[in-house]
Amino acid sequence: PGAPLPSAFVASGVHQPRAFATFNSPNEFAAFMAVTMGLILIPRVVKMPSLLRVTLAVIVALALLLSYSRSGLLSAVVIVGVGLWPSREWIRTLPGMARDAVAWTRQHVQTVAVHAVPVVAGLVIAGLVLATSGGGEFVGKTVGGQDASADNRPASVSQGFKQIGANPLGVG
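Residues numbered from 1 in each chain as written. Predicted model: local features only at pLDDT ≥ 70, side-chain atom pairs only at ≥ 80, totals over all residues. Heavy atoms only, no water.

Draft legend 1. Examining unusual backbone geometry more closely. At R44, a residue that is not glycine, the phi angle is positive and equals roughly 70°. If you trace the backbone, R44 turns up in the loop between α1 (26–41) and α2 (50–67). Judged by relative accessible area, R44 falls into the exposed class, the value being 71%. A positive phi angle, close to 50°, is found at Y68, a residue other than glycine. For Y68, the position within the fold is in the loop between α2 and α3 (70–84). (Helix = DSSP H or I, 4+ residues; strand = E, 2+ residues; numbered from the N terminus. Buried < 20%, exposed > 50% of the residue type's maximum accessible area, 1.4 Å probe, protein only.)

Structure below.
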């Protein structure tokens, strides 16, 4: 208690610790959240009511955001993208579905409003978190290629490949 957190639990420029729950690090937590996001959003994997699906997706997305894990966010995008790939025929029908959706929305305004509540609440919470924690600056630097921790990655990867090349069967 009272000791500073290890650097793995703090994102540069963010004024709050990264979420990690009961995992060893925020990146492990984010990887678990990425798989969870896939289970929630990929059709026909887990059967659940649509309102529950939307609410859980918002909660998991907020957990991913609070982990400030670039690898976790990228993993979630890849997992959901690969999981949705078999549904690509369905995706091609979206323009026609959009026209039908407008008519459906007019008939089911209450259902749409109920499903919009967790999404809007999640966006508000995410905005508040990013605005008050300095997370917006973190995201901006990461997207803009100005993040200090990302600058050191190519040298680390290069050193790792040199070590593998010099000791292909391992060290020791």
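Draft legend 2. Spotlight on a nonpolar patch on the surface. A cluster of nonpolar side chains, V35, L39, V45 and V46, forms an exposed patch at the surface whose accessible area comes to about 290 Å². With respect to the secondary-structure elements, L39 resides in helix α1. We classify L39 as partly exposed; its relative accessible area is 41%. (Patch = residues over 30% accessible without salt bridge, like charges linked within 9 Å, V, L, I, M, F, W, Y side chains within 5 Å. Areas by Shrake-Rupley, 256 points an atom, 1.4 Å probe, with all protein chains shown as cover. Salt bridge = Lys/Arg side-chain N within 4 Å of Asp/Glu carboxyl O.)

Draft legend 3. Structural detail: the packing of aromatic side chains. Tallied over the entire structure, the rule returns 4 aromatic pairs. Each ring, one from F23 and one from F29, has its centre 5.9 Å from the other, and the planes form 55°; the classification is tilted. Between F23 and F32, the ring centres sit 5.3 Å apart and the planes meet at 40°, which makes this aromatic pair tilted. In this structure F23 comes out as partly exposed when scored by relative accessible area, which is 27%. Judged by relative accessible area, F32 falls into the partly exposed class, the value being 45%. Taken together, the ring pairs connect F23, F29 and F32 into an aromatic cluster. (Phe/Tyr/Trp six-rings, centres within 6.5 Å; stacked < 30°, edge-to-face > 60°.)

In short, shape yes, function no, at least from these values alone.
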